[in-house]
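# Structural features, examined
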Amino acid sequence: GTSVGVVDTYYPGTLSRLESTRVRVRAGQDTTASDLTLMAVRLLRVAGMVVGARDAGTSVRAMVGLHRDDGGMSTSVDPQGRFTFMPHPPGTYRLTARLISDNRESTLEYASQSITLTDADITDLVITMKPTVTLAGRVTFDGGTAPTVAPGSLTIRIDTGQRDRPSQLTVAPARVGEDLTFTL
């Protein structure tokens, strides 16, 4: 059946925060702003299948996320790689899929795509993950001899640099070896 819900509504009656108008009202003050009518819209389903990069299927360790700037949700896949999200309001979303390692510390495969929900359910999405890359290197020190590094005392980690938008891609920190090499 069709789902309808009341969604976030901004003055003067828009679903978009970017198209809204700020109304300042101080305690005890009246405003000339008109009534704000909440908007009921058709909520839309998002469903599909995740395909792994290494074979035609996928693992039940795969997670799928559906996110916008104001938040989102994640779900797991069934043994056939299928996923379904609860109905969402129209808008643009980021759909991500990731296959996590057995120890849940690293992302082994990843996919991300933008989708826009307008006026119909999307029930036949196929998102194909790609393997993540391996990054290997050696720590060097400018201006002299490298200090002695005790085993396990130095690690390298990935920083996306996007503090305001957490990444769904997780990479476990890498230990730097006695020879100062590392692999992420």
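In short, a report on the structure. (Residues numbered from 1 in each chain as written. Predicted model: local features only at pLDDT ≥ 70, side-chain atom pairs only at ≥ 80, totals over all residues. Heavy atoms only, no water.)

### As for the pattern of salt bridges
Per the counting criterion, the structure on display carries two salt bridges. The residue arginine 42 makes a salt bridge to aspartate 121 at a minimum N-O spacing of 3.5 Å. With arginine 42 in strand β2 (residues 39-51) and aspartate 121 in the loop between β7 (107-117) and β8 (122-128), this residue pair connects regions lying 79 residues apart in the sequence. Classification of arginine 42 as partly exposed rests on a relative accessible area of 33%. On the basis of relative accessible area, aspartate 121 is assigned to the partly exposed category, the value being 29%. Two residues, arginine 82 and aspartate 78, come together in a salt bridge whose shortest N-O distance is 3.0 Å. (Salt bridge = Lys/Arg side-chain N within 4 Å of Asp/Glu carboxyl O. Helix = DSSP H or I, 4+ residues; strand = E, 2+ residues; numbered from the N terminus. Buried < 20%, exposed > 50% of the residue type's maximum accessible area, 1.4 Å probe, protein only.)

### What to know about the environment of serine 59
Note that serine 59 resides in the loop between β2 and β3 (62-68). Considered as a pair, serine 59 and valine 77 are 18 residues apart in the sequence and their alpha carbons are 7.9 Å apart. For serine 59, the residues in contact, after removing those within four places along its chain, are Val77 and Leu99. (Contact = heavy atoms within 4.5 Å.)

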